[in-house]
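# Fold and contact review
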Amino acid sequence: MNPRRVTRQIKVGDSRTGIVAIGGGAPVSVQTMTAGYTHEIDKCVAEINRMAAAGADIVRVAVPEKKDTEALKEILPQTQVPIVADVHFHFQRALEAVEAGVHKIRLNPGNIQDRAQVIDVIQACKAKGLPIRVGVNEGSIIERRDKQKRMKELGQVFSESKNGYLLAIMITKLEEYLDIFYEQDFYDVAISAKSVDPMIVVDAYTEISKRFDHPLHLGVTHAGPKETGCIRSIAALSGLLCNGIGDTIRISYANDPIYEVQDGLELCYCLGLRTRKGVDLIACPTCGRIQVDLFTLVQDVRKALDAIETPIKVAVMGCIVNGPGEAEGADIAVFAGDRRGIIYVQGEKVANVPEEQILEKLMEHCREFEGRVLRGEAKLGEKKVEIIPPDPIGELGSGYEKIAAGRVETLTVGKS
Ligand code: SF4
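Given the structure is predicted, the values throughout are model-derived calculations rather than measurements.

### A closer look at the packing of aromatic side chains
By the definition in use, this model includes four aromatic pairs. Relative to Y344, the ring of F335 has its centre 5.7 Å away and its plane inclined at 75°; by these criteria the two rings are edge-to-face. Here F335 and Y344 have matching classes, each one buried. What links up through ring pairs into an aromatic cluster is the set Y177, F181 and F186.

Below, the structure is given as structure tokens:
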């Protein structure tokens, strides 16, 4: 992992919501956006609070109509997370959102272009100490109203190198737009440059990171359903983050935004950019050696572990052939065999139970171990898993003989 790029820091929030710092060495924050109408106040509040409970650091809401910015006045006191107003086309919505007490404004140079209007928004934000995100996203950066200009720009985009021309447009528009901010002595700006194409996202943010020191809001726009959008988003964001680029992220799915929060946090945890909250669950993919219903077990374990906030590392492994080596470093591990499971806590075998009792017993030991950690009697990751594979004929039953038949050499390996 490369060192994090040094950026200016902006701050989003207030004393009621808490302040979320973006850039300047702050942990990478995770954002999402409500899917419902902002003017449906009760639903909007419920959605925001559900995302905050799932771990969202910042939530964005769309404010296309005046009734949406009016709703903000009632929404904000009922929510505990900084709120960003997403403004397109109508600069008045930005002014109304600022007046309503929102914590940040998102502007799009593609559809709020009038210099005087932009200055009005900048001055309103400046007066209240609010930051602004400038988003030069692919979908809106191409001129729409001026057809001739649009044709010219599109012609550039689709000739020769698509990425090259698109990047040129993004950066040119960004420079032009930011000049207005700088003239107003306003620097509390975050930048986004999203595209549906992960490679354009990588190129755009890499290029922008060389030219501007503003914090970067990473994302892949209209990434699609969760199943494929996940890959599309992670393909772009993980490379950038590993190169030290990116200060706040939004994963976007055509699905419940809660998944955006969960996956965004998991990405940060996996890359060591955030301190994990909750259990780190690993599990084997299963293979022809499996002798329990591991997929169901893993899903049941995952749901049950939601109740545990301590970052215990738990491994659910399908067998003892490769399981012990692959579960190394887990605080708690279960190895399944012939319709049974053997449970280890920090290397010590604590149970050998039939398949139907694995979940209950595993959770019992997770809770017991968490209690010991919280009381200071045990430390996470303190003891490596030192697992001697069970006797293949004994503990895991005669079925294991079939498993072991072709893999006898691995039985003696255990922990390498
Ligand atoms: S742990 Fe065992 S069952 Fe799971 S994938 Fe590895 S060898 Fe197969």
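### With respect to helix α2 (residues 66-75)
Within α2 the residues assigned to the buried category are D68, T69, A71, L72 and I75. Looking down the long axis of α2, one finds its buried residues gathered within 155° of arc, a one-sided arrangement. On its buried face, α2 sits against α1 (41-54), β4 (58-62), β5 (83-86) and α3 (91-100).

### Looking at the sheet that holds strand β3 (residues 29-33)
A sheet is described by the order of its strands in space; here eight strands give the open sequence β8-β7-β6-β5-β4-β3-β10-β9, paired in parallel fashion. Strand pairing shows two members of the sheet lacking a second neighbour, β8 (189-192) and β9 (217-219), which therefore form its edges. Ignoring which end each strand starts from, the neighbouring axes of this sheet average 25° apart. With three bridges connecting them, β3 and strand β10 (residues 248-250) associate as parallel partners. Within β10, the residue paired with S29 across the bridge is T248.

### A look at the side chain of T32
Within the secondary structure layout, T32 lies in strand β3. Apart from residues no more than four positions distant in its own chain, T32 is found in contact with M51, A56, I58, V59, R60, R250, P257, E260 and V261.

### With respect to the confidence of the model for the protein chain
Put simply, the protein chain has an average pLDDT of 88, and 86% of its residues get 70 or more. Mean pLDDT across the elements of the protein chain bottoms out in helix α15 (residues 408-411) (35) and peaks in β10 (98). In this model residues 406-416 is a low-confidence stretch, pLDDT under 50, and it forms 19 contacts with partners more than four residues away in sequence or in other chains.

What counts and how
Residues numbered from 1 in each chain as written. Predicted model: local features only at pLDDT ≥ 70, side-chain atom pairs only at ≥ 80, totals over all residues. Heavy atoms only, no water. Phe/Tyr/Trp six-rings, centres within 6.5 Å; stacked < 30°, edge-to-face > 60°. Buried < 20%, exposed > 50% of the residue type's maximum accessible area, 1.4 Å probe, protein only. Helix = DSSP H or I, 4+ residues; strand = E, 2+ residues; numbered from the N terminus. Arc of directions from axis to C-beta. Contact = heavy atoms within 4.5 Å. Pairing = 2+ DSSP bridges. Axes fitted to C-alpha atoms, helices over the stretch in contact; angles between N-to-C directions. pLDDT = per-residue confidence, 0-100.

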